[in-house]
Amino acid sequence: MPHAYTEDSLVEQPALNRAVLETRGWVSFAVSSSAESDWREQLLALATGLGIPAPTRLGGSLCDTLMPIEAHTAKPRSLSKIHSAGEFPLHADTAHWLTPCRYVMLACASPGSGSRPTPLLDTRRLPLSKHQTSLLHSIPLRVTNGRNSFFSTILSRTRPFVRFDPGCMTATTPGGSVALEVLSRHNWPDFIETVNWEAGTVLVMDNWRILHGRGRADCSDSNRKLFRISIR
Ligand SMILES: O=C(O)CCC(=O)C(=O)O
Ligand SMILES: [Fe+2]
């Protein structure tokens, strides 16, 4: 098992299979969950092996806590503000950054009472029609990022990443609404992969390629808790 030195101790690193991450676009594995602060450290050490962990929100922490919350307590311009404790549509994280983060690590501290999964979609596998591909490459959408908002297409031949998040990207033309619909999960039921969580499950996704969402809960699950690290 690989090891990593931290300041004062030798910490055992769980296996993160880079080959699977590169071929499939995502990988999940189990980490024996310890005290929460140790666990955050362990996740940050793993994330550092992949790139540079970066705060997802300006001034925020490197390791966010994600819990289903009601819209009135949610941060402005967050998916929770729009969808409350419901499902989240497929999206890439940090789609409002000029270059979205390369990897996203999610780790389950508590699966919660609602058995709520996380759906994934590998955009590379989609049998997009010529027309759909052309929409994704040609229709500009408004990407809301406060005073730094800009226009962008979902795909571009000049960059390797998919920019897609209906939470921060809006259509300004009828064609824009059609382009946004192309990557809706309802169009690709046979291509959705599902991550079911247990305490200690870690998921790493290539955020340039894999879209993720938030599934439906069987019952109210304010006790579901994931950690997230965005990795540049
Ligand atoms: O809770 C989940 O399953 C995913 C949450 C998510 O994608 C987000 O908060 O950006
Ligand atoms: Fe997300």
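Residues numbered from 1 in each chain as written. Chains lettered and ligands numbered in written order. Predicted model: local features only at pLDDT ≥ 70, side-chain atom pairs only at ≥ 80, totals over all residues. Heavy atoms only, no water.

## A word on the overall build of the chain
Piece 1. Helix and strand counts for the chain stand at five helices and 15 strands.
Piece 2. The C-alpha atoms of the chain give a radius of gyration of 18 Å, which matches the 17 Å a tight globule of 232 residues would have.
Piece 3. Its C-alpha atoms put the chain at 55 × 40 × 40 Å along the principal axes.
Piece 4. For the chain, restricting intrachain contacts to residue pairs at least 6 apart in sequence, the fraction spanning at least 24 positions comes to 76%.
Piece 5. Of the roughly 11700 Å² of accessible surface on the chain, 54% is carried by carbon and sulfur atoms.
Piece 6. The average position of the 25 basic charges and that of the 20 acidic charges among the side chains of the chain differ by 10 Å. (Helix = DSSP H or I, 4+ residues; strand = E, 2+ residues; numbered from the N terminus. Rg over C-alpha atoms; globule rule 2.2 N^0.38 Å. Contact = heavy atoms within 4.5 Å. Areas by Shrake-Rupley, 256 points an atom, 1.4 Å probe, with all protein chains shown as cover. Lys, Arg positive; Asp, Glu negative; His and termini not counted. Charge placed at Lys NZ, Arg CZ, Asp CG, Glu CD.)

## Thoughts on the coordination of the iron ion (ligand 2)
Piece 1. The iron ion (ligand 2) binds to the protein through His91 (NE2), Asp93 (OD) and His212 (NE2); the donor distances cover 2.1 Å.
Piece 2. For the iron ion (ligand 2), all donor residues lie on one chain, and their spacing in sequence is H-x1-D-x118-H.
Piece 3. Judged by relative accessible area, which is 3%, histidine 91 ranks as buried. (Donors = N, O, S within 2.8 Å, 3.2 Å for Na, K, Ca; no water. Buried < 20%, exposed > 50% of the residue type's maximum accessible area, 1.4 Å probe, protein only.)

## Brief notes about the nonpolar core
Piece 1. Counting residues in hydrophobic clusters, the biggest one holds 23 residues, and the most contacted among them are Ile154, Val162, Phe164, Met169, Leu183 and Leu211.
Piece 2. Of all elements in the fold, only helix H4 (130–138), strand E9 (141–143) and helix H5 (174–182) reach the threshold of two or more residues within this core.
Piece 3. Looking at this core element by element, the count peaks at three residues for H5. (Core = buried A, V, L, I, M, F, W, Y, C linked by side-chain atoms within 4.5 Å.)

## Some points on the sheet that holds strand E8 (residues 118–122)
Strand pairing in a sheet is mediated by backbone hydrogen bonds. Such pairs are either parallel or antiparallel.
Piece 1. Spatial strand order, E6-E14-E8-E12: four strands in an open sheet with antiparallel pairing. Of all the strands in the sheet, just strand E6 (88–91) and strand E12 (192–195) have a single pairing partner and so form its edges. Across the sheet, the mean angle separating the axes of adjacent strands is 20° when strand polarity is ignored.
Piece 2. Taken together, the two bridges between E6 and strand E14 (residues 210–214) define a ladder with antiparallel strand orientation. (Pairing = 2+ DSSP bridges. Axes fitted to C-alpha atoms, helices over the stretch in contact; angles between N-to-C directions.)

## Here we look at the site of ligand 1
Piece 1. Taken together, Leu66, Phe88, His91, Asp93, Thr118, His212, Gly213, Arg214, Arg224, Leu226 and Arg228 make up all the residues around ligand 1.
Piece 2. In this structure, an oxygen atom belonging to ligand 1 sits 3.3 Å away from a side-chain N or O atom of aspartate 93.
Piece 3. Take arginine 228: an N or O atom from its side chain is 3.2 Å from an oxygen atom of ligand 1.
Piece 4. For ligand 1, whose accessible area on its own is 290 Å², the fraction buried by protein is 93%.
Piece 5. Elements with a minimum of two residues in the shell around ligand 1: E6, E14 and strand E15 (225–231).
Piece 6. Each residue belonging to the shell around ligand 1 can be placed in one class, and the counts come to three nonpolar, four polar and four charged. (Near = heavy atom within 4 Å. Polar contact = N/O pair within 3.5 Å; in protein donor to acceptor, adjacent residues only side chain to side chain. Nonpolar A, V, L, I, M, F, W, Y, C, P; charged D, E, K, R; others polar.)

## As for the packing of H4 against H5
Piece 1. It is the contact of H4 with H5, at a shortest axis distance of 9 Å, that shows an interaxial angle of 115°. With respect to each other, H4 and H5 are oriented roughly perpendicular. In the packing of H4 onto H5, the handedness of the crossing is left-handed. Taken together, the residues of H5 that come into contact with H4 (itself represented by Gln132, Leu135 and Leu136) are Val178, Ala179 and Val182.
Piece 2. In terms of residue class, the contact of H4 with H5 is made up of five nonpolar, one polar and no charged. (Parallel < 35°, antiparallel > 145°, perpendicular 65-115°, else oblique. Left-handed = near helix turned anticlockwise from the far one by under 90°.)

## What about helix H2 (residues 36–48)?
Piece 1. Here H2 spans 18 Å end to end across 13 residues, near enough to the 18 Å set by a 1.5 Å rise per residue.
Piece 2. Those residues of H2 lying buried are Trp39, Gln42, Leu43, Leu46 and Ala47. Buried residues of H2, seen end-on, are gathered within an arc of 140° and therefore sit on one face of the element. (Expected span 1.5 Å × (residues − 1). Arc of directions from axis to C-beta.)

## Some details on the pattern of salt bridges
Should their charged atoms come close, side chains of opposite charge can pair.
Piece 1. Summed over all chains, the structure comprises 10 salt bridges.
Piece 2. A salt bridge links arginine 40 to glutamate 36; its shortest N-O distance comes to 3.7 Å. Within this pair, arginine 40 and its partner glutamate 36 are both found in helix H2, separated by four residues, close to a single helical turn.
Piece 3. Taking relative accessible area as the criterion, arginine 40 reaches 22% and is therefore assigned partly exposed.
Piece 4. Accessibility expressed as a relative area gives 37% for glutamate 36, which makes it partly exposed. (Salt bridge = Lys/Arg side-chain N within 4 Å of Asp/Glu carboxyl O.)

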